[in-house]
Amino acid sequence: MKAIKGITNNYTLSKFNKIPFISCLKISHKRSTITCQLLKINTFTHLNKFYRGTLLNGTADQTLKETKQMSSNQIYKNILVYEANPKVLVIQLNREHVKNAVDKETADELYNAFTVDFEKNNDYSVAILYGGENTFCSGADLKNISKGALNLVEPPSETNIGPMGPTRLELSKPVIAAIGSGYAVAGGMELACFCDLRVCKEDSKFGIFCRRFGVPLIDGGTIRLPALIGLSRAMDLILTGREISGEEAFSIGFVNRLIKSDENVLQKAIELANQLAQFPQDCMRNDRLSTLKYIYNNLNEHLQNEYLFGMKSLQSEEFQKGVEKFTKRKPNNEENTNRTSKL
């Protein structure tokens with residue numbers, strides 16, 4: 001098990017002493033850096049106890065503010081990257097205070113994690129994209145966009161970095177989305193579409209919520225969603241922007257595995273990842289790529305078309321009014337909180 005490194009703020013060694021299986025951890029610290037290495041542990045149970053106690057209980061912002069990338073020595077501020085086991089890498093969104101909304105910095109970190117930590121690292125066979133047990137991703141960070149901090153929106157013909165980060169990548173290895181209770185909407189739903197398989201809870205919530213604000217699908221959603229669930233069902237979601245539950249998402253084929261609301265979605269995703277990782281990898285990857293090439297023939301060309309249509313929307317007065325409407329919503333109003341505070 002590789003070391004998990006992170007530069008911490010307001011987090012001391014005394015807090016590590018409260019971890020029940022501290023005897024299993026080797027802890028060293030130099031200046032502000034704390035290194036934790038799991039010793040003789042290669043099962044999810046022990047790792048999950050550690051993360052559930054420190055990262056998955058809503059206190060990630062107070063515990064590990066920045067997590068160091070395992071492969072390239074770059075420090076991440078908005079995501080966590082760690083092993084579930086030697087074959088499975090977890091990439092976790094860590095902006096719970098904004099429902100894991102993705103700003104430019106987060107998009108860049110996601111792109112780097114998928115390309116450097118996962119794709120270029122031969123140790124890992126499967127990646128899991130995870131947002132925590134209580135949410136997945138609420139889309140682009142419109143509050144930041146309203147302040148002029150735009151996500152990168154460049155033609156796919158010039159870059160494979162999408163506005164949400166990795167959404168234009170054509171990876172050689174599978175990715176599983178682990179979608180907790182709460183929202184996977186707008187750009188967050190496009191991130192889920194980017195993944196090969198999706199595991200969610202009964203009370204997960206999906207939808208093209210950006211419909212309400214004049215924000216276009218520009219991360220492959222108009223291409224991948226109809227490929228996954230068919231044109232008619234995709235049009236229903238794209239045109240109406242309505243919310244669907246995890247149960248409905250499973251019934252229409254968008255989600256591959258459905259679990260109860262009180263179950264751990266990361267654990268279920270790791271179990272599925274372990275199943276994939278045990279197969280002969282060359283054959284599985286080649287079959288996967290052949291399937292994707294058939295379904296998404298000329299993907300870059302389709303992404304380019306989506307970009308051109310999306311830019312027309314982004315350059316319109318309608319978009320500017322939509323962003324203003326979003327930023328001026330009343331978060332204390334129950335209807336606004338439940339229906340329009342996520343993108």
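Small disclaimer: the values here were computed from a predicted structure and weren't measured.

Structural notes on the environment of Asn264
(1) Moving on: One can find Asn264 in the loop between β14 (257-259) and α10 (265-277).
(2) Moving on: For the pair Asn264 and Cys200, spaced 64 residues apart in the sequence, the C-alpha separation amounts to 9.6 Å.
(3) Moving on: A distance of 3.0 Å separates a polar side-chain atom of Asn264 from the backbone nitrogen of Leu266.
(4) Moving on: At a separation of 2.8 Å, a polar atom in the side chain of Asn264 contacts the main-chain amide nitrogen of Gln267.

Structural notes on the pattern of salt bridges
(1) Moving on: Scanning the model with the defined rule gives nine salt bridges in all.
(2) Moving on: A salt bridge links Lys104 to Asp108, with the shortest nitrogen-to-oxygen separation between them at 2.8 Å. Of the two residues, Lys104 and Asp108 are both situated in helix α4 (residues 104-119); the distance of four residues between them amounts to about one turn of the helix.
(3) Moving on: The salt bridge involving Glu170 is made with Lys293; its shortest N-O contact spans 3.7 Å. With Glu170 in the loop between α5 (142-146) and β9 (175-179) and Lys293 in helix α11 (residues 281-295), the pair connects residues that are 123 residues apart, well separated along the chain. Judged on exposure class, the residue Glu170 and its partner Lys293 are both exposed.
(4) Moving on: A single salt-bridge network, built from bridges that share partners, covers Arg95, Asp103 and Asp141.

Describing the side chain of Thr167
(1) Moving on: Here Thr167 shows up in the loop between α5 and β9.
(2) Moving on: The residues touching Thr167, leaving out its near neighbours within four places in the chain, are Gly162, Glu190, Leu191, Phe194, Asp219 and Arg224.

A look at the packing of helix α7 (residues 221-229) against helix α12 (residues 299-314)
(1) Moving on: Interhelical geometry of α7 versus α12 gives an angle of 120° and a closest axis separation of 9 Å. Judged on the interaxial angle alone, α12 and α7 are oblique. In this structure, α7 uses Gly221, Thr222, Ile223 and Arg224 to contact α12, whose residues at the interface are Leu299, His302, Leu303 and Glu306.

Rules behind the numbers
- Residues numbered from 1 in each chain as written.
- Predicted model: local features only at pLDDT ≥ 70, side-chain atom pairs only at ≥ 80, totals over all residues.
- Heavy atoms only, no water.
- Helix = DSSP H or I, 4+ residues; strand = E, 2+ residues; numbered from the N terminus.
- Polar contact = N/O pair within 3.5 Å; in protein donor to acceptor, adjacent residues only side chain to side chain.
- Salt bridge = Lys/Arg side-chain N within 4 Å of Asp/Glu carboxyl O.
- Buried < 20%, exposed > 50% of the residue type's maximum accessible area, 1.4 Å probe, protein only.
- Contact = heavy atoms within 4.5 Å.
- Axes fitted to C-alpha atoms, helices over the stretch in contact; angles between N-to-C directions.
- Parallel < 35°, antiparallel > 145°, perpendicular 65-115°, else oblique.

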